[in-house]
Amino acid sequence: QVQLVESGGGLVQAGGSLRLSCAASGSIFSINVMGWYRRTPGKQRELVAAITSGGSTNYADSLKGRFTISRDNAKNTVYLQMNSLKPEDTAVYYCNWGAGSSWLGAYWGQGTQVTVSS
């Protein structure tokens, strides 16, 4: 089992920045992928960005240039730096973890709300 604890969400004005963090604990395989997904009401959960333990990244095309994913393998923690935030970025952001190399893993965090006001 893997537990994921997210932090860093909140309320920000349009144009502002936030940084989300997600710490993984439990049965952590050294080769893994951590990522961020988001969901808005009425929509399916969508990929924001993901990163492998080797540092390869995968971004939603629409978010490239504004969002940056990074990780600290020693801390089993993934970060999402979100800049130039827009009201349409308002969503619940979920951390995701999976063993191996698949971009979508089996474990989810509880979600953290990000609200961008106009």
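Given the structure is predicted, the values throughout are model-derived calculations rather than measurements.

Conventions adopted
- Residues numbered from 1 in each chain as written.
- Predicted model: local features only at pLDDT ≥ 70, side-chain atom pairs only at ≥ 80, totals over all residues.
- Heavy atoms only, no water.
- Phe/Tyr/Trp six-rings, centres within 6.5 Å; stacked < 30°, edge-to-face > 60°.
- Helix = DSSP H or I, 4+ residues; strand = E, 2+ residues; numbered from the N terminus.
- Buried < 20%, exposed > 50% of the residue type's maximum accessible area, 1.4 Å probe, protein only.
- Lys NZ or Arg CZ within 6 Å of the ring centre and 35° of its normal.
- Core = buried A, V, L, I, M, F, W, Y, C linked by side-chain atoms within 4.5 Å.
- Contact = heavy atoms within 4.5 Å.
- Pairing = 2+ DSSP bridges.
- Axes fitted to C-alpha atoms, helices over the stretch in contact; angles between N-to-C directions.

Student: Whenever I open this one, the packing of aromatic side chains confuses me. Can you help?
Tutor: If you walk through the whole model with that rule in mind, you get three aromatic pairs. Between Tyr94 and Trp108, the ring centres sit 6.5 Å apart and the planes meet at 90°, which makes this aromatic pair edge-to-face. With Tyr94 in strand 9 (residues 91-99) and Trp108 in strand 10 (residues 107-108), the pair connects residues that are 14 residues apart, well separated along the chain. With relative accessibility at 11%, the residue Tyr94 sits in the buried group. Here the aromatic cluster, defined as three or more aromatic residues joined through ring pairs, consists of Tyr37, Tyr94 and Trp108. Just above the ring of Tyr94 sits the side chain of Arg45; from NZ or CZ to the centre is 4.6 Å.

Student: How do you make sense of the nonpolar core when you look at a structure like this?
Tutor: A general trend in soluble globular proteins is that nonpolar side chains are found buried together. Formed by 27 residues in total, the largest nonpolar core has its most connected members in Trp36, Leu80, Met82 and Tyr93. Of all the secondary-structure elements, those providing two or more residues to this core are strand 1 (2-7), strand 3 (18-26), strand 4 (32-39), strand 5 (46-52), strand 7 (67-72), strand 8 (77-82), strand 9 and strand 11 (112-117). If we ignore the near neighbours within four places in the chain, the residues touching Met82 are Gly16, Ser17, Leu18, Leu20, Arg66, Phe67, Tyr93 and Val114.

Student: What am I meant to see in the sheet that holds strand 8 here?
Tutor: Within a sheet, each strand pairs with its neighbour through backbone hydrogen bonds, oriented either parallel or antiparallel. The four strands are arranged 1-3-8-7 in an open sheet whose pairing can be described as antiparallel. A single partner strand is all that each edge strand has here, and the edge strands are strand 1 and strand 7. Strand-to-strand twist across the sheet, computed as the mean angle between neighbouring axes with direction ignored, equals 15°.

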